Amino acid sequence: MRKNMKQISTFIISLLMLTAMQSAKAYELNYEVSFEPKTHYINVELTYTTDSIGTPVQLKMPVWAPGYYIIVDYPKYLTDFCVADESGKAKKWEKNGKNGWTFIPSSRKTMVKWRIYANERSVAESRVEEGIGFLTPNGVFMHRAGDINHDAHIHFTLPDGWKKISTGLAREGNATDCYYAKNFDVLYDSPFLFGNHFTEQFSHEGHDYEFALETPDGYEESPFKEDFKKMVSATTKLIGDVPYDNYCLIHLGKGGGGLEHQNSQACYSEGTFRFADHDAYLQYMSFVTHEYFHLYNVKSIRPIELGPFDYDREVFTPLLWVSEGFTVYYETRLMMSAGICDSDFLLNDLSGFIETIEGKEGHKHMSLRQSSYDIWLNFFNRSSNGDDVRISYYNKGPILGLLMDIEIRSKTNCQKSLDDLMRLLYWRYFKQLKRGFTEDEFWQSVTEIAGEELAEIRRYVDTTDEIAYDRMLAKAGLGLNHENNQLYRLSNCDAQAEKVRTSMGFSK
């Protein structure tokens, strides 16, 4: 009897597990996407397949994109939403707030259609025109409310003459126009470039890469590809891991901004790979490096608030000064480590951030921590009093990155550095715990690496106290010209400071 009861119990458990798996896969999402280049429209048809007939379904479209800390309100571009059963009969639907649509399936398959107007030159918004299409999935695809983890199948029908699709998202099977996302976090993080743009595939250290360039003018004589490889190698050496299988660089023409993704980056340029001089090239290379390093610092190493994502509203965190500010610090350090630029270029870069912060009144009124939290109010806030009352973590963040790096090296006799902190955060929280870190955990990690609390550094983050540049920089054999806020190497410094300076690569 006990044996029979055990068999029955095992059967019931197996049945419950099977039911749970079937419930998790109780519907399918298949998207058909086409384009109208002349009128700048993207057409979307969703085939929603389910056996749960008569149960209301709510679809949601995001209102923002991770890494782009402003409410974009993507539904404002949507028009001609309609619902029909599999016989083609129109069905009723209701709008719920600004980004929700509800319908009740009356047949196994429901056809849901909408159109998206795509005519923006932004890395977070779509653009379709003659010869080219750039698609940001956040503003095109909808997910079922409360089920971001569901998978999705996408098929594209390209206009006549368009032959290429570039993206970091995985293809489905052997088809060149079908793609699969295991969940919507992956889909929303995978932009697409369509058309007849220039592409180049290559492999580097066991991973596949694609350059997808809207305007390749000047690319062939540029050292960009080889420098990109060097930078990737330097980054891999820093962290000790590569968090992707393949990676796509989508480089667009005239427009603004860049946006990081787990499998790619999307960057606007001035429309060409021809640069005025070598410094202009290095500035662009640092821009590319910035978006690449975000693979680690924000996509992997991240504040706990940044995932799982709530795509319906702002996601506040006081730690963007780490996610963005440290990335600015590392963009040029990695280039120096890779041999792409020298230490003078890095010192000049850091001097520019000090000049921006110290040269304006805002640093007396907004802390670095507050600038992180309030970015949702200020991402594109260019009010006339902005410089008087606000700062950007893009400028003060790398300054604190430099000072924290100096402090850790100084306190550990150069046995540890900011690099060790980044590795700890990556391997402990992303790889082992598979989550982000809290603010307290971040500072605990700093203490663990430095061997003691960095109370002064934290005070410069949390308050508007003036930074003691001379004393702190001297620990690395550096000084600051307070007339023009330029960093320079001290001609006379003690052996410990010289050791720190050498370890940071700042010695001539």
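What counts and how
- For every chain, the first residue of the written sequence is number 1, and numbering continues from 1 onward in sequence order.
- For a predicted model such as this one, the threshold for reporting local features is a pLDDT of at least 70, and the threshold for listing and counting side-chain atom pairs is 80 or more; totals across whole chains, interfaces and linings nevertheless cover every residue.
- Heavy atoms throughout the structure, all of them, feed into the side-chain values; hydrogens and water do not.
- One requirement defines pairing of two strands: DSSP has to find at least two bridges between them.
- The helix count covers DSSP runs of H or I at least four residues long, the strand count covers runs of E at least two residues long, and both are numbered beginning at the N terminus.
- What makes a salt bridge here is a side-chain nitrogen of Lys or Arg within 4 Å of a carboxyl oxygen of Asp or Glu, nothing more.
- Each residue gets one of three labels from its accessible area relative to the maximum for its type: buried under 20%, exposed over 50%, partly exposed in between, using a 1.4 Å probe on protein chains only.
- Two residues qualify as a contact provided that any one of their heavy atoms is within 4.5 Å of a heavy atom in the partner residue.
- Note on definitions: angles span 0 to 180 degrees between N-to-C directions of axes, and those axes are lines fitted to C-alpha atoms, for helices only across the stretch in contact.
- Should an angle fall under 35 degrees it is called roughly parallel, over 145 degrees roughly antiparallel, and 65 to 115 degrees roughly perpendicular, with every other angle called oblique.
- Charged residues are taken to be Asp, Glu, Lys and Arg, nonpolar residues to be Ala, Val, Leu, Ile, Met, Phe, Trp, Tyr, Cys and Pro, and polar residues to be all remaining types, Gly included.
- Nonpolar cores were defined as sets of buried Ala, Val, Leu, Ile, Met, Phe, Trp, Tyr and Cys residues, with membership established by side-chain atoms within 4.5 Å.
- Centres within 6.5 Å make a pair out of two Phe, Tyr or Trp rings, where for Trp the six-membered ring is used; the pair is then stacked when the planes are under 30 degrees apart, edge-to-face when over 60, and tilted otherwise.
- In this analysis the charged atom, NZ for Lys or CZ for Arg, is taken to sit over a ring once it is within 6 Å of the ring centre and within 35 degrees of the ring normal.
- By this rule, a helix spans an expected 1.5 Å times one less than how many residues it contains.
- One fitted axis covers the seven residues ending at a residue, a second covers the seven starting there, and the bend at that residue is the angle between these axes.

## Structural notes on the sheet that holds strand E2 (residues 41-50)
Working step 1: Pairing is mixed across the open sheet formed by seven strands, whose spatial order is E5-E4-E8-E2-E1-E12-E14. Of all the strands in the sheet, just strand E5 (90-91) and strand E14 (178-181) have a single pairing partner and so form its edges.
Working step 2: Relative to E5, strand E4 (residues 78-85) runs antiparallel, the two sharing two bridges. Along E5, the bridge assignment pairs Ala-84 with Ala-90.

## Some points on the sheet that holds strand E3 (residues 57-60)
Working step 1: Reading across the sheet, the four strands line up as E6-E7-E3-E11 and stay open at both edges, with antiparallel pairing between neighbours. Only two strands of the sheet have a single neighbouring strand rather than two, namely strand E6 (93-96) and strand E11 (143-144).
Working step 2: Bridge analysis of E3 against strand E7 (residues 100-103) gives four bridges, and the strand direction is antiparallel. Within E7, the residue paired with Lys-60 across the bridge is Gly-100.

## Focus: the pattern of salt bridges
Working step 1: Scanning all chains against the criterion turns up 30 salt bridges.
Working step 2: The residue Asp-51 makes a salt bridge to Arg-108 at a minimum N-O spacing of 3.1 Å. Placement of Asp-51 in the loop between E2 and E3 and of Arg-108 in the loop between E7 and strand E8 (109-117) is noted, with a sequence separation of 57 residues between them.
Working step 3: Among the residues examined, Asp-51 registers a relative accessible area of 62% and is labelled exposed.
Working step 4: Between Asp-462 and Arg-458 there is a salt bridge, and its shortest N-O distance comes to 3.2 Å. Highlighted residues: Asp-462 and Arg-458, both in helix H13 (residues 455-462), separated by four residues, approximately one helical turn.
Working step 5: Residues joined by salt bridges that share partners form a network here, namely Arg-121, Arg-127, Glu-129 and Glu-214.

## Some points on the pairing of E2
Working step 1: Along E2, eight of the ten residues are buried, which leaves the element largely enclosed by surrounding structure.
Working step 2: Of the pairings in the sheet, the one linking strand E1 (residues 27-36) to E2 comprises ten bridges and is antiparallel in character. Paired with Val-33 across the bridge in E2 is Val-44.
Working step 3: Connecting the antiparallel pair E1 and E2 is a turn made up of four residues, with His-40 showing a positive phi of about 70 degrees.
Working step 4: Sheet topology note: the E2/E8 ladder contains nine bridges and is antiparallel.

## Here we look at the side chain of Asn-395
Working step 1: By secondary structure assignment, the location of Asn-395 is in helix H10 (residues 393-411).
Working step 2: A residue is classified by how much of its surface remains accessible, and Asn-395, at 18% relative accessible area, is buried.
Working step 3: Once you skip the residues sitting within four places of it in the chain, Asn-395 turns out to touch Phe-353, Thr-356 and Ile-357.

## Some points on the packing of helix H3 (residues 224-239) against helix H5 (residues 320-337)
Working step 1: In contact at an axis separation of 8 Å, H3 and H5 are set at 105 degrees when each is read in the N-to-C sense. One element, H3, and the other, H5, form an angle in the roughly perpendicular class. The segment H3 lies against H5, with Ala-234, Thr-235 and Leu-238 engaging Tyr-330, Leu-334 and Ser-337.
Working step 2: Grouping the amino acids of the contact of H3 with H5 by side-chain chemistry returns four nonpolar, two polar and no charged.

## Side note on the nonpolar core
Working step 1: Counting residues in each nonpolar core, the largest one holds 155 residues, and the members touching the most others are Trp-114, Phe-228, Trp-321, Met-404 and Phe-442.
Working step 2: Broken down by element, this core gets its largest block of residues, ten residues, from H5.
Working step 3: If we skip the residues at most four places from it in the chain, Phe-228 touches Phe-202, Tyr-209, Phe-211, Tyr-247, Leu-249, Met-285, Val-288 and Tyr-292.

## Things to note about the packing of H10 against H13
Working step 1: In the contact formed by H10 and H13, the axes pass within 10 Å of each other and the chain directions differ by 175 degrees. In terms of orientation, H10 lies roughly antiparallel with respect to H13. Between H10, through Lys-396, Leu-400, Leu-403, Met-404 and Glu-407, and H13, the contact on the second element is made entirely by Ile-457, Tyr-460 and Val-461.
Working step 2: Residues of the contact of H10 with H13, tallied by class, amount to six nonpolar, no polar and two charged.

## Here's the deal with the environment of Met-404
Working step 1: Summarising the element assignment, Met-404 is placed in helix H10.
Working step 2: Here the alpha-carbon distance between Met-404 and Leu-418, two residues 14 residues apart in the chain, equals 6.9 Å.

## As for the packing of aromatic side chains
Working step 1: Taken as a whole, this structure holds 63 aromatic pairs when the rule is applied.
Working step 2: On the numbers, 5.5 Å between centres and 45 degrees between planes, the contact of Phe-35 with Trp-162 is tilted. Of this pair, Phe-35 sits in strand E1 while Trp-162 sits in the loop between strand E12 (152-157) and strand E13 (164-167), placing them 127 residues apart in sequence.
Working step 3: Residue classification places Phe-35 among the buried residues on the basis of a relative accessible area of 9%.
Working step 4: Taking NZ or CZ as reference, Arg-144 lies 5.0 Å from the ring centre of Tyr-27, over its face.

## Considerations on H5
Working step 1: Helix length check: H5, at 18 residues, gives a terminal C-alpha distance of 24 Å against a target of 26 Å (1.5 Å per residue), a fit within 8%.
Working step 2: At Tyr-330, H5 is deflected by roughly 25 degrees, the largest bend along its length.
Working step 3: Of all the 18 residues making up H5, 17 are buried; the element is thus mostly covered by neighbouring parts of the structure.
Working step 4: Gly-339 occupies a position one or two residues after H5 and carries a positive phi of about 80 degrees.

## Quick notes on the side chain of Asn-378
Working step 1: Structurally, Asn-378 is set in helix H8 (residues 375-378).
Working step 2: Accessibility expressed as a relative area gives 17% for Asn-378, which makes it buried.

## A closer look at the pairing of E12
Working step 1: In this sheet, E12 lies alongside E1 in parallel orientation, the contact comprising five bridges. Each residue of the ladder has a partner; that of Tyr-31, found in E12, is Ile-154.
Working step 2: Where E12 lies against E14, four bridges are found, and the strand directions are antiparallel. Directly across from Ala-152, in E14, lies its bridge partner Ala-181.

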